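Observations on the model geometry
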Amino acid sequence: MMESPQSAALSMEELHEAWPVLSIDERLEGFRLLPASVADDFFLALSAREQAELILHLQPAERRTWVRLLPPDDLADLVQAVDPEQAESILSQLDDASRREVNVLLAYAEDDAGGLMNPRFARVRPDMSIDEAISYLRKQARERVETVYYAYVLDAEQHLLGVLSLRQLFQTASDKRVADVMQRDVITVSEDTDQEAVSRLFTEHGFMALPVLDVQQRMKGIVTVDDIVDVVQEEATEDIQKAGGMEALEAPYFETGFFGMLKKRIGWLLVLFLGQMLTATAMSSFEDEIATAVVLSLFVPLIISSGGNSGSQASTLIIRSLALGEMRLRDWWRVARRELLSGLVLGVVLGVVGLARILIWNSISGVYGEHAFVLGITVALSVLGVVTFGTLAGSMLPLVLRKFGFDPASASAPFVATLVDVSGVLIYFTVASLLLRGTLL
């Protein structure tokens, strides 16, 4: 339990360390024990879900103070994290202007630039002198603008004309005009630009903020680098969870209900289970071969796991490259050629190792008898075929999914492994039927 309110104030670091394991009552008590000088920073560092949970358990008089501390884009995230009735309760704490700003942001898709942007940004006019621009920026920072990385130069219709960094402003002679020194070639994003594309621009150019324009090229807000850090973390978490063969969670692990967690996991497990049934069906087609040469069944796990592993490797590489923008759909042929060659080389290496293992073990124990060499060649060629197919299938599946508008991360490692398991059985026993006919079969 947390100490009583009469105890010494907590440090922000102490509360942050204990936060994940505290109940809501303990979190509330600990938050009230924070010194006023650090409570704001602690609150702003919380996730939208944690902020919402805290606000909804505060008294109405306290609630208004903390709601109004948040900028509009963070408020929009907070509102999206709660139920509609709770959202209305939070919005009612805002002044009319702030409520309008939040409602405008809520109209955008959550993963578009419009949904990420902050509509409050530093703006100046092109005819201002540098001294006038600096004074005007100070006024904006005192009143409503929380983040000032750049000053955006707008005309009377709010069209973006150029941009100035604060460094440029302070280094330029005071009698010069903004229009004389502003940078006119500005990299911008549209309201409907996907958050992944926005994050790539930040990575490529190292900006602290990007302006968001509407279809009429009027500036609507800015997306800041701290927003993108959160987006990148969310996207990476979703991709990792999907790559594990499940739906992405909408909340942290311990904040996801037990049955909600089961719902996220059972769907793909059922699909994969049904897929593995096809493996059993494929093996039943070769019952005679297995009955005649039981030794063939010993190498089934070896062969299909090799194909599944190589396919999982390839799908992971391609999914991540697509996420980072390192390749496009038009590169599919280059990917196919590269992965086909990789699959062949990897298959040869693994096949040779498999052949050597059979021959060495047979020389020691004689377990495979006089047909050990032919059996080894069968296993080696099967591994070559399965690894090549697995690598090619694993690399192409994410591209096919992207082509048809699905998330490439859905081509998860377990899914690819299940697909290759079925094909691996078919390849193995087909090769065995061809090479071992008249000897073991």
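Bear in mind that the values here come from a model prediction, so they are computed numbers and not experimental data. The numbers attached to residues start from 1 for each chain and follow its sequence in the written order. With pLDDT at 70 or above as the cut-off, local features in this predicted model cover only qualifying residues; side-chain atom pairs require 80 or more to be listed or tallied, and sums for whole chains, interfaces and linings still use all residues. With hydrogens and water excluded, all non-hydrogen atoms of the structure serve as input to the side-chain values.

Let us now look at the overall build of the chain. Helix and strand counts for the chain stand at 20 helices and six strands. Expected size for 441 residues packed as a compact globule is a radius of gyration near 22 Å; at 30 Å, the chain overshoots this value by more than 25%. Each residue is assigned to one of three classes by its accessible area relative to the maximum for its type, calculated with a 1.4 Å probe on protein chains only: buried under 20%, partly exposed between the two thresholds, exposed over 50%. Of all 441 residues assigned to the chain, the portion counted as buried reaches 44%. Sequence separation of at least 24 residues holds for 65% of the intrachain contacts in the chain that already meet a minimum separation of 6. The Shrake-Rupley method, run with a 1.4 Å probe sphere, supplies the accessible areas, and residue values consider only the shown protein chains as cover. Summed over its atoms, the accessible surface of the chain is roughly 23,600 Å², and 59% of this surface lies on carbon and sulfur atoms. Numbering goes from the N terminus for both helices and strands, where a helix is a DSSP run of H or I of at least four residues and a strand is a run of E of at least two. Here the globule rule is a power law, 2.2 Å times the number of residues to the power 0.38, and the radius of gyration is based on C-alpha atoms. We call two residues in contact when some of their heavy atoms are within 4.5 Å.

Quick look at the sheet that holds strand E3 (residues 160–165) now. Here, a strand pair is defined by DSSP locating no fewer than two bridges between the strands. Spatially, the three strands line up as an open sheet ordered E1-E2-E3, and their pairing is mixed. Edge strands, defined here as strands with exactly one partner in the open sheet, are strand E1 (123–124) and E3. By the bridge criterion, two bridges tie E1 to strand E2 (residues 150–154) in an arrangement that is parallel. Bridge pairing in E2 places arginine 123 opposite tyrosine 152.

Surface patches are defined over residues having more than 30% relative accessible area and no salt bridge, joining like charges when they lie within 9 Å and nonpolar side chains (Val, Leu, Ile, Met, Phe, Trp, Tyr) when within 5 Å. Salt bridge, as used here: a side-chain nitrogen of Lys or Arg that lies within 4 Å of a carboxyl oxygen of Asp or Glu. Two residue types count as positive, namely Lys and Arg, and two as negative, namely Asp and Glu; His and chain ends fall outside the count. A single reference atom marks each charge: NZ on Lys, CZ on Arg, CG on Asp, CD on Glu. Where like charges cluster on the molecular surface, the negative patch consists of Glu110, Asp111, Asp194, Asp226, Asp230, Glu234 and Glu238. Take glutamate 234: it is sitting in helix H14 (residues 225–243).

UniProt positions are given in the numbering used here, feature names are shortened, and annotations may be inferred rather than shown by experiment. With numbering aligned to this structure, UniProt lists the feature "transmembrane region" (unreviewed entry) at residues 340–360, 372–401 and 413–436. The distance separating the terminal C-alpha atoms of residues 340–360 is 30 Å; by composition the span is 100% helix and 0% strand. Structurally, residues 372–401 comprises 100% helix and 0% strand, and the distance from its first C-alpha atom to its last is 43 Å.

Bringing the packing of aromatic side chains into the picture now. Under the pairing criterion, centres of Phe, Tyr and Trp rings, with the six-membered ring standing for Trp, must be within 6.5 Å; the plane angle then separates stacked pairs below 30 degrees from edge-to-face pairs above 60, leaving the rest tilted. This structure, assessed with the given rule, holds 10 aromatic pairs. When the ring of tryptophan 19 is compared with that of phenylalanine 42, the centres are 5.1 Å apart and the planes differ by 70°; the resulting orientation is edge-to-face. Here the residue tryptophan 19 occupies a position in the loop between helix H1 (12–18) and helix H2 (24–33), and phenylalanine 42 occupies one in helix H3 (residues 36–45), the gap between them amounting to 23 residues. No difference in accessibility class separates tryptophan 19 from phenylalanine 42, as the two residues are buried. Ring geometry for phenylalanine 31 against phenylalanine 42: centres 6.3 Å apart, planes inclined by 40°, an arrangement best described as tilted. Of this pair, phenylalanine 31 sits in helix H2 while phenylalanine 42 is found in helix H3, placing the two residues 11 residues apart along the sequence. Assessed through its relative accessible area of 5%, phenylalanine 31 is described here as buried. Among the residues examined, phenylalanine 42 registers a relative accessible area of 3% and is labelled buried. Counting every residue linked through ring pairs, the aromatic cluster contains Trp19, Phe31, Phe42, Phe43 and Trp66. A positively charged side chain is recorded as over a ring if its NZ (Lys) or CZ (Arg) lies within 6 Å of the ring centre. The angle to the ring normal must also be within 35 degrees. A cation over an aromatic ring shows up here: arginine 123 above the ring of phenylalanine 121, its NZ or CZ 4.1 Å from the ring centre.

Moving on, we come to a nonpolar patch on the surface. Where nonpolar side chains cluster on the molecular surface, the patch consists of Leu341, Val345, Val349 and Val353 and spans about 370 Å² of accessible area. Of note, valine 353 is situated in helix H18 (residues 332–365).

Let us now look at the pairing of strand E5 (residues 209–213). Of all the five residues making up E5, five are buried; the element is thus mostly covered by neighbouring parts of the structure. Burial along E5 is two-sided: the residues Ala209, Pro211 and Leu213 and Leu210 and Val212 are all buried. Where strand E4 (residues 189–190) lies against E5, two bridges are found, and the strand directions are parallel. Each bridged residue has a counterpart across the sheet, and for valine 189 the counterpart in E5 is valine 212. Across five bridges, E5 lies against strand E6 (residues 219–224) in antiparallel orientation. Across the sheet, residue proline 211 finds its bridge partner in E6, namely isoleucine 222. Connecting the antiparallel pair E5 and E6 is a turn made up of five residues, with glutamine 217 showing a positive phi of about 65°.

On to the UniProt feature "domain: CBS" (unreviewed entry) in the chain, then. The UniProt record marks residues 117–181 and 182–238 with the feature "domain: CBS" (unreviewed entry), using the residue numbering of this structure. Within residues 117–181, the helical portion is 37% and the strand portion 20%, while the C-alpha atoms at the span's ends are 26 Å from each other. Segment residues 182–238 splits into 44% helix and 23% strand. End C-alpha atoms: 40 Å apart.

To continue, consider the domain arrangement of the chain. The split of the chain into domains comes from an automatic or database domain assignment. In terms of domain boundaries, the chain breaks down into domain 1 (12–106), domain 2 (123–241) and domain 3 (258–436). Spacing between the C-alpha centres of domain 1 and domain 3 amounts to 49 Å.

Structurally, the α-helix is built with 3.6 residues per turn, so residues lying three or four positions apart point the same way. Along helix H4 (residues 48–56), the positions that sit buried rather than exposed are Glu50, Gln51, Ala52, Leu54 and Ile55. Packed against the buried residues of H4 are H2, H3, helix H5 (60–67), helix H6 (72–80) and helix H7 (84–91).

Once that is clear, we can look at the packing of helix H15 (residues 258–284) against helix H20 (residues 413–435). Working note: a packed helix pair is described by the angle between its axes plus the distance between those axes. Convention adopted: a line fitted to C-alpha atoms gives each axis, helices being fitted over their contacting stretch, and angles between N-to-C directions are expressed from 0 to 180 degrees. Between H15 and H20, the shortest axis-to-axis distance is 8 Å and the interhelical angle comes to 10°. Here H20 runs roughly parallel to H15, going by the angle between their axes. Counting all contacts with H15, which are made through Trp268, Leu272, Gly275, Gln276, Leu278, Thr279, Ala282 and Met283, the residues of H20 involved are Pro414, Phe415, Thr418, Asp421, Val422, Val425 and Leu426. Split by residue class, the contact of H15 with H20 holds 10 nonpolar, four polar and one charged. Angular relationships are summarised with four words: roughly parallel below 35 degrees, roughly antiparallel beyond 145, roughly perpendicular across 65 to 115, and oblique for the angles in between. Each residue gets one label: Ala, Val, Leu, Ile, Met, Phe, Trp, Tyr, Cys and Pro are nonpolar, Asp, Glu, Lys and Arg are charged, and the others, such as Gly, are polar.

The subject of this paragraph is unusual backbone geometry. We note that glutamine 158 has phi near 70°; this positive angle belongs to a residue other than glycine. With respect to the secondary-structure elements, glutamine 158 resides in the loop between E2 and E3. Overall, the relative accessible area of 29% leaves glutamine 158 in the partly exposed class. Here glutamine 217, not a glycine, exhibits a phi torsion of approximately 65°, which is positive. One can find glutamine 217 in the loop between E5 and E6. On the basis of relative accessibility, which here comes to 44%, the residue glutamine 217 falls in the partly exposed class.

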